[in-house]
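Chain by chain, the residues run as shown.
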Amino acid sequence: RMRNPDLVGRDLVNLRDRHSARCITLADDCVHPVMLRALAQKLVGAGIAWQCELRFERALTSPLLRELAAAGCKNLIFGLESYAARVLECMNKGVRPAEIERILPLCREAGIAFNLQLFFGFPGETEAEAKETMEFAAGQLPKPQLCRSVNSGCSVDQ
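The rules behind these values
Residues numbered from 1 in each chain as written. Predicted model: local features only at pLDDT ≥ 70, side-chain atom pairs only at ≥ 80, totals over all residues. Heavy atoms only, no water. Helix = DSSP H or I, 4+ residues; strand = E, 2+ residues; numbered from the N terminus. Buried < 20%, exposed > 50% of the residue type's maximum accessible area, 1.4 Å probe, protein only. Contact = heavy atoms within 4.5 Å. Areas by Shrake-Rupley, 256 points an atom, 1.4 Å probe, with all protein chains shown as cover. Disulfide = S-S within 2.5 Å. Pairing = 2+ DSSP bridges. Axes fitted to C-alpha atoms, helices over the stretch in contact; angles between N-to-C directions. Parallel < 35°, antiparallel > 145°, perpendicular 65-115°, else oblique. Left-handed = near helix turned anticlockwise from the far one by under 90°. pLDDT = per-residue confidence, 0-100. Core = buried A, V, L, I, M, F, W, Y, C linked by side-chain atoms within 4.5 Å.

Here we come to the overall build of the chain. Along the backbone of the chain there are six helices and six strands. Sorting the 158 residues of the chain into buried and exposed places 46% on the buried side. Put simply, of all contacts in the chain between residues at least 6 apart along the chain, 65% involve residues at least 24 apart. Carbon and sulfur atoms provide 51% of the accessible area of the chain, an area that totals close to 8900 Å².

What follows deals with the state of the cysteines. Each disulfide is one covalent bond, formed between the sulfur atoms of two cysteines. With the rule as written, the count across this model stands at zero disulfides. Between Cys52, a cysteine without a disulfide, and Cys73, which holds the nearest cysteine sulfur, the sulfur-to-sulfur distance is 5.6 Å. The exposure class assigned to Cys52 is buried, which follows from its relative accessible area of 0%. Cys107 takes part in no disulfide bond, and the closest cysteine sulfur, belonging to Cys73, lies 8.1 Å away.

In space, the four strands of this open sheet follow the order β1-β2-β3-β4, with parallel pairing throughout. At either end of the open sheet lies a strand with only one pairing partner, and these are β1 (23-25) and β4 (113-118). Going from strand to strand, the sheet's axes swing by 15° on average, the running direction of each strand aside. With three bridges connecting them, β1 and strand β2 (residues 49-54) associate as parallel partners. The residue bridging Ile24 from the neighbouring strand is Trp50, located in β2. Strands in contact with helix α6 (residues 127-139) are β3 (73-81) and β4; relative to β4, the strand with the most contacts, it is inclined by about 165°.

Another point: helix α2 (residues 33-43). Of all the residues in α2, the buried ones are Pro33, Met35, Leu36, Ala38, Leu39, Ala40 and Leu43. Here the buried face of α2 lies against α1 (5-19), β2 and α3 (62-70).

With that out of the way, let us pick up the packing of α1 against α2. Where α1 contacts α2, the axes come no closer than 9 Å and their chain directions differ by 45°. It follows that α1 is oblique to α2 by the angle criterion. The handedness of the crossing between α1 and α2 comes out as right-handed. The residues of α2 that touch α1, namely those facing Pro5, Asp6, Val8, Gly9 and Leu12, are Met35, Ala38, Leu39, Lys42 and Leu43.

Predicted confidence across the chain gives a mean pLDDT of 88, with 90% of residues reaching 70 or more. Of all helices and strands in the chain, the one with the weakest mean pLDDT is strand β6 (residues 155-157) (42), whereas α3 scores best (97). Taken together, the stretch residues 149-158 has pLDDT below 50 and engages in 20 contacts with residues farther than four places along the chain or on a different chain.

Grouped together as the largest cluster of nonpolar side chains are 39 residues, with contacts concentrated most on Trp50, Phe56, Leu65, Leu68, Leu76, Phe78 and Ile100. Mapped by element, the contributors of at least two residues to this core are α1, α2, β2, α3, β3, α5 (97-110) and β4. Sorting elements by how many residues they give to this core places α5 first, with six residues. Excluding residues that lie within four positions of it along the chain, Phe56 makes contacts with Phe78, Leu80, Val95, Glu99, Ile100, Ile103, Leu104 and Leu116.

See below:
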């Protein structure tokens, strides 16, 4: 269940005040965009830098990401898992590469960094699909870049 955003906002401000917390990670593995928008409204001007985990949701638009940045969001952690369309389909992720490609530049434009969590070795994943994911992820890094996967033997050096 989603906790009341008013309570979450209040708790974050209390953590800031009681413990001088200035940087907070929301420990929910998938914060919903409705919660993000409500939380952003509560945290504007609170002086708290924060990050959270979420999915590549259609609701992640440029206006919402700008609201998050204005409210102190510094980093978003996405469960990319794979960039290969077939693997995403097999995982039942409900995400397509086009949605991923739409959202990441919007994060950059809003000034929000992002992490991409990757999953290699999904049953049936081919080496070519793993390489596709690695190359996509490496392409998201600032230059110069190095991305290696020790287990798969794939590497991308640029």
